Protein chains: 2
Amino acid sequence: MATIRDVAKLAGVSVATVSRVLNQNGYVNEDTEKRVKKAIEQLNYKPNEVARTLFKKTSKTIGLIVPDISNPFFPELVRAVEDVMNIYDYTVILCNSDEKSEKEKQYIGILKQKYVDGIILTTNQLESDEVLELGVPVVVLDRPSMHSFPSVIADNYGGARLATRHLYDIGCRKIAHIQGPTHVVNAMERFRGYRDEMQELGLWNEQLIIQGNYQLKQAKEATLRALQEHKMDGIFAGNDAMAVGALKAVQQLGLRVPEDVAIIGYDGIPLTEMTTPELSTISQPIYEMGAIAARILVKKIEAKPLEQLHYVLPVKLVERQSTQRRGTR
Amino acid sequence: MATIRDVAKLAGVSVATVSRVLNQNGYVNEDTEKRVKKAIEQLNYKPNEVARTLFKKTSKTIGLIVPDISNPFFPELVRAVEDVMNIYDYTVILCNSDEKSEKEKQYIGILKQKYVDGIILTTNQLESDEVLELGVPVVVLDRPSMHSFPSVIADNYGGARLATRHLYDIGCRKIAHIQGPTHVVNAMERFRGYRDEMQELGLWNEQLIIQGNYQLKQAKEATLRALQEHKMDGIFAGNDAMAVGALKAVQQLGLRVPEDVAIIGYDGIPLTEMTTPELSTISQPIYEMGAIAARILVKKIEAKPLEQLHYVLPVKLVERQSTQRRGTR
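Residues numbered from 1 in each chain as written. Chains lettered and ligands numbered in written order. Predicted model: local features only at pLDDT ≥ 70, side-chain atom pairs only at ≥ 80, totals over all residues. Heavy atoms only, no water.

With respect to the pairing of strand β1 (residues 61-66) of chain B
Residues and elements named next belong to chain B. Here β1 lies mainly inside the structure; six of its six residues are buried. Because side chains alternate across β1, one face comprises the buried residues Thr61, Gly63 and Ile65, and the other comprises Ile62, Leu64 and Val66, equally buried. Summarising the sheet, β1 and strand β2 (residues 91-96) pair through six bridges and their orientation is parallel. Note on β2: the bridge partner recorded for glycine 63 is isoleucine 93. With helix α5 (residues 74-87) bridging β1 and its parallel neighbour β2, the resulting β-α-β unit is right-handed. In terms of strand pairing, β1 meets strand β3 (residues 118-121) through four bridges, oriented parallel. Bridged to glycine 63 within β3 is isoleucine 119. (Buried < 20%, exposed > 50% of the residue type's maximum accessible area, 1.4 Å probe, protein only. Helix = DSSP H or I, 4+ residues; strand = E, 2+ residues; numbered from the N terminus. Pairing = 2+ DSSP bridges. Right-handed = clockwise from strand over helix to strand, strands pointing away.)

Structure representation (structure tokens):
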């Protein structure tokens, strides 16, 4: 296969000149251009992506850093990013950071070396300074916006108020909240929504916080303990996995869902339809979040104007069996 | 930042010569090498990944083509591949093919252009000729081996026999099988395991096939219809999603699991622990499959000998509530 150097040799010009012709930048005189084009034809030279990357410092590749693809929230998000990037002819390098800042920094170093054209970050770890230094377009996804980076997030605070209000509306008065990890901003926003809604409902003194870490098993254990010590007739879990944990705890103690304790989760991942009873949840537009982040990143890469810098997407209440209205209250 | 061309200019040599020095291949006389090294030092030139890719035709990147990352079987597989590749300093470009051969071919074209060092394929679509033409190391994962490509798969046939036998052992005699898509080889292997085990158990005439497509909803509908027309006391579903569908169908008709109908799934994805009752399943070593495929690919890329070409990993029976032994039979 012919290389760019073969073309340069045959045309009697430098590699840089061939590159200028290929990328149509910089001055090349007409005669030289003709010779280069003829050499390209004669040698059936096909400029490859990698060569283009080297000369243009653009790779038609982006980096996508997620905490952990095997957390059920992320596959749909990743799928959406990849779908949109595919339309625009970009490929996606997937990185799992486990929310460790060291791993994130390592990946970012690698991605820079590969001249990725942009990065989509879902992280709590990096400082905005470190991200600024990247020198490539960055979009922050599912995490609070840092600095002036475009961001896409769903309305965590509003969704939590919606969930709490829904439990109230179906008759619950002792509403507990299983809180996510305190270092995760989304989790704190949901906690804030619960707290404010409880206050507005006049249930300030009825607040009950169960400390969770977004994991099913830990939430189950914590809920078991809480149920033995406290009265509650409703549980708003900070994510769906913890809602499943709560469901298991309630059922293990021989209580009925929703008759004795109603449960609502958060996220809207597919597993909420797989439990018995099926779980009510606050559904985030996960696919849309990924797709919008990808479209913003393409615009940033192509230096096109953004219509909007920070997207806060609406969430919606999905009512299922676990919060079915109780007739007698 | 200095480029390879700056180095060449300062040293008074060609770009190709600088590349030979950097990559330590090809003949360069001692004096030239010294000049190049001095120029590199003076300019503080750092050869970048992309330049190395161009000259070495290796990118420290691999392609991973999966049908759909949002299918719950794949996140753990993808995670394992990425984890292992990260250890060996490779990044992973993720591609979702939706099992469409056109999309697979498109991705393969792109991956070749980016000089990926290898590809891990989970596909039924591509012909082995097309894969052979790739000219890069390929490992086939979770799909039957093609040609002489290394492959990693779990024991689908044996697992299906295990599942069927387990239902028999707990007292089931009318054992139905929800079959996966007929164009998916894994699904057909599981069907074959069911059929052979039923024959060995002397239940040849009791076989009942429910046609599924690996999706929860379709399996639920199909199971509802089957339950209305046929007697059955056990269901072996070709994957876990279909087992959840069957569970929902059985419960919707007011029947008890496992008392009236026992159910076992296949794959061992996390959601089997989230249902009520929890689902028995045949657990595939999903993470290990991905990790082995990745390690084989690294060996192939580095032209090291393989200990084994085709891996068929053992599966194991995970007994949970949905097949709890019935005392009275």
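Concerning the interface of chain A and chain B
Many analyses report the size of an interface as the accessible area lost when the parts associate. Across the contact, 49 residues belong to chain A and 49 residues belong to chain B. For the chain A and chain B pair, buried surface summed over both sides reaches about 4,300 Å², with 56% attributable to carbon and sulfur atoms. The interface formed by chain A and chain B includes eight salt bridges. The salt bridge involving lysine 248 of chain B is made with glutamate 278 of chain A; its shortest N-O contact spans 2.7 Å. Between chain A and chain B we count 26 residue pairs in polar contact (both at pLDDT 80 or more) in total. Of all the elements in the fold, those that place two or more residues in the side of chain A that touches chain B are α4 (49-56), α5 (74-87), β2 (91-96), α6 (101-113), α10 (216-229) and α11 (240-252) of chain A. A per-element tally of the side of chain A that touches chain B places α5 of chain A first, with seven residues. Bridge count for β2 of chain A against β2 of chain B is three bridges, and the pairing is antiparallel. By the bridge assignment, leucine 94 of chain A is partnered in β2 of chain B with valine 92 of chain B. (Contact = heavy atoms within 4.5 Å. Buried area = accessible area lost by both parts, 1.4 Å probe. Salt bridge = Lys/Arg side-chain N within 4 Å of Asp/Glu carboxyl O. Polar contact = N/O pair within 3.5 Å; in protein donor to acceptor, adjacent residues only side chain to side chain.)

Brief notes about the domain arrangement of chain A
Considered domain by domain, chain A is made up of domain 1 (4-56), domain 2 (61-154 + 286-314) and domain 3 (156-284 + 317-323). On a C-alpha basis, the centroid separation for the pair domain 1 of chain A and domain 3 of chain A is 63 Å. (Domains from an automatic or database assignment.)

Side note on the packing of aromatic side chains
Residue and element names in this part refer to chain A. Counting across every chain of the model gives four aromatic pairs over all chains. Considering the side-chain rings of phenylalanine 73 and phenylalanine 74, the 5.3 Å spacing of their centres and the 90° angle between planes classify their relative orientation as edge-to-face. Here the two residues phenylalanine 73 and phenylalanine 74 agree in accessibility, since each one is buried. For the pair phenylalanine 236 and tyrosine 266, a centre-to-centre distance of 6.3 Å together with 45° between the ring planes defines the contact as tilted. Note that phenylalanine 236 is positioned in strand β8 (residues 234-237) and tyrosine 266 in strand β9 (residues 262-267), a separation of 30 residues in sequence. You'll find phenylalanine 236 and tyrosine 266 in the same group, each marked buried. Positioned above the aromatic ring of tyrosine 168 is the side chain of arginine 173, whose terminal nitrogen or guanidinium carbon lies 3.8 Å from the ring centre. (Phe/Tyr/Trp six-rings, centres within 6.5 Å; stacked < 30°, edge-to-face > 60°. Lys NZ or Arg CZ within 6 Å of the ring centre and 35° of its normal.)

A word on the packing of helix α8 (residues 156-169) of chain A against helix α9 (residues 185-200) of chain A
All names here are of chain A. Contact pair α8 / α9: the axes reach a minimum separation of 7 Å and the direction vectors enclose 45°. Looking at the two axes, α8 sits oblique to α9. The handedness of the crossing between α8 and α9 is right-handed. Taking contact as the criterion, the partners of Asn156, Tyr157, Ala160, Arg161, Thr164 and Arg165 in α8 are, on α9, Asn186, Glu189, Arg190, Arg192, Gly193, Tyr194, Asp196, Glu197, Met198 and Glu200. (Axes fitted to C-alpha atoms, helices over the stretch in contact; angles between N-to-C directions. Parallel < 35°, antiparallel > 145°, perpendicular 65-115°, else oblique. Left-handed = near helix turned anticlockwise from the far one by under 90°.)

A look at the relation of the copies chain A and chain B
Comparison of the two chain copies shows a relationship of rotation about an axis with a shift along it. For the match of chain A to chain B, the screw axis carries a shift of 0.1 Å, the RMSD comes to 0.2 Å, and the turn is 180°. Seen this way, the second copy is the image of the first under a two-fold rotation axis. Most of the interface of chain A is mirrored in chain B, where 100% of its interface residues are also at the interface. (Least-squares fit on C-alpha atoms with pLDDT ≥ 70 in both.)

Focus on the sheet that holds strand β12 (residues 316-318) of chain A
Residues and elements named next belong to chain A. One open sheet accounts for six strands, arranged β7-β6-β8-β9-β10-β12; its pairing is mixed. The open sheet has two edge strands, β7 (208-211) and β12, and neither has a second partner. Between one strand axis and the next, the sheet turns through 20° on average, direction left out of account. Contacts from α8 reach β6 (175-179), β8, β9, β10 (280-283) and β12 within the one sheet, and its direction differs from that of β9 by about 165°. Here α11 sits on the sheet in contact with β6, β8, β9 and β10, set at roughly 160° to β9.

Topic: the packing of helix α1 (residues 4-11) of chain B against helix α3 (residues 30-43) of chain B
When two helices pack together, their arrangement is given by the angle between the helix axes and the distance between those axes. Residue and element names in this part refer to chain B. Orientation of α1 relative to α3, taken along the N-to-C sense of each, is 125°, at an axis distance of 9 Å. Between α1 and α3, the crossing angle belongs to the class labelled oblique. As for how α1 packs across α3, the hand of that crossing is right-handed. On the side of α1, the interface is formed by Asp6, Val7, Leu10 and Ala11, while α3 contributes Arg35, Val36, Ala39, Ile40, Gln42 and Leu43. Class assignment for the residues of the contact of α1 with α3 results in seven nonpolar, one polar and two charged. (Nonpolar A, V, L, I, M, F, W, Y, C, P; charged D, E, K, R; others polar.)

Focus on the nonpolar core
Ile263 of chain A together with Ile120 and Ile263 of chain B are the most contacted members of the largest nonpolar core, which has 154 residues in total. Beyond its immediate sequence surroundings of up to four residues, isoleucine 263 of chain A is in contact with Ile235, Ala243, Ala246, Leu247, Val250, Val257, Leu279, Ser280, Ser322 and Thr323 of chain A. By size, the runner-up hydrophobic cluster in this structure holds 26 residues, among which are Ile65 and Val138 of chain A together with Ile65 and Ile119 of chain B. (Core = buried A, V, L, I, M, F, W, Y, C linked by side-chain atoms within 4.5 Å.)

Let's talk about the pairing of strand β5 (residues 151-154) of chain B
Residue and element names in this part refer to chain B. Of the two faces of β5, the one lined by Ser151 and Ile153 and the one lined by Val152 and Ala154 are each fully buried. Here strand β4 (residues 138-141) pairs with β5 via two bridges, running parallel. Looking at β5, one finds that leucine 141 is bridged to valine 152. As judged from the four bridges shared by β5 and strand β11 (residues 310-313), these two strands associate in the parallel manner. The residue bridging valine 152 from the neighbouring strand is tyrosine 311, located in β11.

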